Each structure stands twice: as C-alpha cells, then as structure tokens.
Amino acid sequence: MDVGHVPWWRDAVVYQVYPRSFLDTNGDGIGDLPGIERRLDHLSWLGIDTVWISPFYRSPMADFGYDVSDYCDVDPLFGTLADADHLIAAAHQRGIRVLIDWVPNHTSDRHPWFIESRSSRSSAKRDWYHWRDGRGGAPPNNWRAAFGGPAWTLDDTTGLWFLHLFLAQQPDLNWSNPEVVDAMHQVLRFWLDRGIDGFRIDVVHCIGKDPVFPDQPAAMGEIDRVGIQNELVTHELIRGFRRLVDGYPGERTTVGEVNLGDLSSIGSFYGHGDELHLVFNFLPLYAPWTRAAWQDMIERVEREFPPGAWPTWVLSNHDVRRVRTRLGSEHAARAAAVISTTQRGTPFVYQGDELALEDAVVPERRRVDPGGRDGCRAPIPWEPDRSHGWPSAPWLPWPPHADTRNAASQRANPRSMLHLYRDLLAARRASPALRRGMVRLLDAPGDVLAYERVSGEDRRLVLVNFGEQAAHVPLAEHWQVEVASASQPDAGSLPPHAAALLRPSA
Ligand code: NOJ
Ligand code: CA
C-alpha cells in the first residue's frame, strides 16, 4: 500500500438497508432486492457511497434472515441471484459500494449441514456443531440464549444437547472443525467473486468456543452469553478471514459486530491491522443525551482503541430503538446526526434515520420478532399518500407521521432531516479535516460539547448544545456556520438541543 494511501472505507459513509422494509416491488408486502435497486438514486442523492444489506440468503426467517439455510442463494422472498448481481452492478455504476451481511456463528436448523449433523451421532457432519451430554436432565452448562431460555436444546434424535447462543432454530457452528472453516471460507469467496466489496460480520466475537464449556460465574447472573463470549481463538479465525479478503483486489473490507461491553475488548478485534478492518462502536446506542456522556464516548474511543484502529459511529440499527425514539425529540436526533457525521470514524446510517423516523407502534397481534424489535424495522415511507410508494400493505405498520416523514415530502423541504443529512454528508466529503483529521475536545461552557477536527490547513469546529436553554459560545468568534441542525442567529449562539458545524470565517 502507498504511504499516505487512505483505504476507501475510512472515507465512506455506510447506509444500512434492512431489505424486508426498504421497498417491495412485487406486492407481497415484503421489501426485496429489486426494491433496493429502484431507490439507489435516493441514496446517491443523499450522498451515500456504501450500502450494507442485512441478510437476503435463503432462510426460514425464524430470525428474519439471521438464520441462514443456504449461504450461496437468495431467498425467493427477496428475489434471485440474478437480482443480486443486477443490484451489485447497478450500485457500482453509481459509485456505491456493497457490503453484505455474513452470519458465521450459527446457521438455520434447516441448513442441510445441521440436518445431517443432527441425523446421527456418527454423521459425517456431527462435529460441525456443538453436541454435548446434559447434566442429569439439565443442559450441559448454565449459558443463556440471547432471546431468553437456556443456550442448549435437547435433540430427541440422538439424545444430546446442541448449543445455540440465539434461538434453538439457530444452532452454533463448531469453528474448531477445519471443515467448517473451509466451508465458510468458500461462502466468502462465492460472494467476493460476485463482486461485493465486503462483509458485515454478524456477532463475530462469538464464533470461538472453549471446548470445556465452563459454567458462567454466578456473579454474572442471567446475562446472556452473547455479551460475554470472548475466546482468543476467535482472533485467529478472524485473521484467516482477513487474509482471504485481503487476497482479493479492490480493498474488500470487513466490519464486525462485536457485542461486548467494554471498548478495549471491542478494540482488540482490530488486531494489529490483521483482523477486522472496522468494528461497530455501539456506545451511542446506549448513551443518555448529555454532554458528559457524549464527550466521554469521544474521549474513550480516542484513548481505548488500539493505534491505527479506525473507529465507526452507529446511531441506530435493526436491533435497537431508533435514535429519534430514544432521544425523544427531533431536535436532539438532528443534533445527534451532526455529531455522528463529524466524528473521526466511518458513520453508519440506518435506513430511515435520514427521515427522522420513530419506531412504529406495533399492536400485539402484529408483533412477529422473537427479540421484540419490530418497531425499528417498520417499512420506509417513500411517498406522502396512504400507500407510501409501496404496492400493497407492508408486513409491519408504518412508523408515526409517515404523511410527512417520507422521502418525497422531505426532499421537497429544505429544512427536513433528509436535507440536513445531505448537507452534512456533502460537508464531510468536501473537508479533509472531517473525513480524516484528528479530533480535539475544547473547553466550552455548561451543556455545550465543542470539538475541533484538523487536517493540515483544513479545520472545522463542532458545537453541540445539550441544554434546555440557548447557549452562547465565545470560542466561535472567528467561525461561520456551514451546517446547523436548527437556525441560529450567529455561529456562537445555539438554540436548545442544537448542533452546528462551523468553518473558519473567510
Ligand atoms: C445480530 C443481528 O444484528 C441480529 O438481528 C440477530 O438477531 C443476531 N445477531 C443473531 O444473528
Ligand atoms: Ca416483495
């Protein structure tokens, strides 16, 4: 690599597509691959350069695609392999890179590998999953699964228990078996050969297991295993993915989901530049809306990630309440958009956050997700009319205020969240300081967070007022507003819950 060369994924802004809810084209109420292609121009207009598409593999949909029964095919609900090829080509034509989700920790229980593994104790694929004796009538250890209950299920066919950190329909693969490693490497190659630009890797920290399967200390209580699972061997497996991916031309990339609690463990998944290219930083998903909390996150990312690790910033995804819902006001959601797009690190934008969508209120009879996550997965409203640009009623209810919080209405309104995002992304693209510069926290009064981004001669200042009162910030004296979340009288005067990106006065 040239000295000073910056890989594309450091400059990227990634947009997460949850395909079921993006856009339906064939009238079955479920978004599909042609639907993504149809709205690529929305993403280009917005200034997105990379999409990550949540799973569209063949799946019984017990966990809406995170239970894969064939990694090398598209589920008919979403389309065909030809649709995937077409979508990848259409994205590339627009200069949009494509990351796909890869789910290595577990398959579906309907995957032919598991069907074979479960069939008998002597099956050729027996050791592809984790089978253990129980303790009396109880599971082999005390681990809890992510959606509740024990992480083991007794299988009647052979009288042994199998491990599943998620649903019983999602048995965990045994990555200590080289045949599993090989088979899953083939999956990576299958998609890299089709031209995708990289992978978002589902719960990658979970894949390595201690073969002894020790009980979790009682002090950890009922906390599920996904938040704890962290074995050294996982890093070796990830180095294997890295070598494979780096063997392809075009700087293919990996971004890992590491659901651990502390930043230094999360940071360890960058390795020494030989593990994941990017790791999700989920801290903002749980941060209260205070200056102290957000300043602390910025400081900790700078301090606790290993040297050379390139951070990411995530405000929402398909597993948590949306940022607009969590923060409780559009003002705060707009200010959060300013923060996440002006950080040092690659921002990830979850579909619909650019429209300030709130979670849908889903009545009990329409709830379908075993993890209670339906609200943030509501369909994207494209148009103001009642069908919102979908050919028939979608699988989940619309999010609130879809008559105004839709793509067409917001495109026509320069003060909308959609325009704010577009302006922020344009400012980021144009400024080396915002894309790559160092971050320096500054002293500011009271509830105001202030930081500077600097790269050579290029500088930007960001001010965020977390308070209920308007704030005046004297240090903005020689600066002017480039993009602001709310209209403000001058560069240093911020309304409550407002943020501004400033550039030096001419
Ligand atoms: C994390 C994914 O984001 C989530 O949606 C899924 O349920 C689990 N991993 C299991 O694959
Ligand atoms: Ca459809």
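Residues numbered from 1 in each chain as written. Chains lettered and ligands numbered in written order. Predicted model: local features only at pLDDT ≥ 70, side-chain atom pairs only at ≥ 80, totals over all residues. Heavy atoms only, no water.

1. Some words on the coordination of the calcium ion (ligand 2)
Next up, step 1: Protein coordination at the calcium ion (ligand 2): the donors are Asp 24 (OD), Asn 26 (OD1), Asp 28 (OD), Ile 30 (O) and Asp 32 (OD), at 2.3 to 2.4 Å from the metal.
Next up, step 2: Along the chain, the residues donating to the calcium ion (ligand 2) are arranged with the sequence spacing D-x1-N-x1-D-x1-I-x1-D. Of the two residues, Asp 24 and Ile 30, both sit in the buried class. (Donors = N, O, S within 2.8 Å, 3.2 Å for Na, K, Ca; no water. Buried < 20%, exposed > 50% of the residue type's maximum accessible area, 1.4 Å probe, protein only.)

2. As for the side chain of Arg 20
Next up, step 1: Considering the arrangement of structural elements, one finds Arg 20 in the loop between strand S1 (14-17) and helix H2 (33-38).
Next up, step 2: In contact with Arg 20, not counting residues within four places along its chain, are Ile 30, Gly 31, Met 61, Phe 64, Leu 77, Phe 78, Trp 390 and Trp 395. (Helix = DSSP H or I, 4+ residues; strand = E, 2+ residues; numbered from the N terminus. Contact = heavy atoms within 4.5 Å.)

3. What about the site of ligand 1?
Next up, step 1: The local shell around ligand 1 holds 13 residues, among which Asp 63, His 106, Asp 202, His 318 and Asp 319 are the closest.
Next up, step 2: Within the contact set of ligand 1, an oxygen atom lies 3.1 Å away from a side-chain nitrogen or oxygen of Arg 200.
Next up, step 3: About the coverage of ligand 1: the protein hides 98% of its 290 Å² of free accessible area. (Near = heavy atom within 4 Å. Polar contact = N/O pair within 3.5 Å; in protein donor to acceptor, adjacent residues only side chain to side chain. Areas by Shrake-Rupley, 256 points an atom, 1.4 Å probe, with all protein chains shown as cover.)

4. Things to note about the pattern of salt bridges
Next up, step 1: Counted under the stated rule, the structure contains 36 salt bridges.
Next up, step 2: Between Asp 101 and Arg 200 there is a salt bridge whose closest N-O contact spans 2.8 Å. With Asp 101 in strand S5 (residues 97-102) and Arg 200 in strand S9 (residues 198-201), the pair connects residues that are 99 residues apart, well separated along the chain. Arg 200 carries the same exposure label as Asp 101, and that label is buried.
Next up, step 3: A salt bridge links Arg 405 to Glu 358; the nearest nitrogen and oxygen atoms lie 2.7 Å apart. Of this pair, Arg 405 sits in the loop between strand S13 (346-350) and helix H13 (407-411) while Glu 358 sits in the loop between S13 and H13; the two residues are 47 residues apart in sequence, bridging distant segments of the chain. With respect to class, Arg 405 is no different from Glu 358; both count as buried.
Next up, step 4: Each of Asp 63, Asp 319, Asp 369, Arg 373 and Arg 377 takes part in one network of salt bridges that share partners. (Salt bridge = Lys/Arg side-chain N within 4 Å of Asp/Glu carboxyl O.)

5. Describing the pairing of S1
Next up, step 1: Residue alternation in S1 divides its side chains into two sets, Val 14 and Gln 16 and Tyr 15 and Val 17, and both sets are buried.
Next up, step 2: Two strands pair when backbone bridges link them, and S1 and S13 are joined in this way by 3 bridges, in the parallel orientation. Bridge pairing in S13 links Gln 16 to Tyr 350. (Pairing = 2+ DSSP bridges.)

6. Overview of helix H7 (residues 232-246)
Next up, step 1: The end-to-end C-alpha separation of H7 is 22 Å, in line with the 21 Å expected for 15 residues at 1.5 Å each.
Next up, step 2: Within the sequence span of H7, burial applies to Thr 234, His 235, Leu 237, Ile 238, Gly 240, Phe 241, Arg 242, Leu 244 and Val 245.
Next up, step 3: Looking at the buried residues of H7, the elements they touch are S5, helix H6 (178-193), S9 and strand S10 (253-256). (Expected span 1.5 Å × (residues − 1).)

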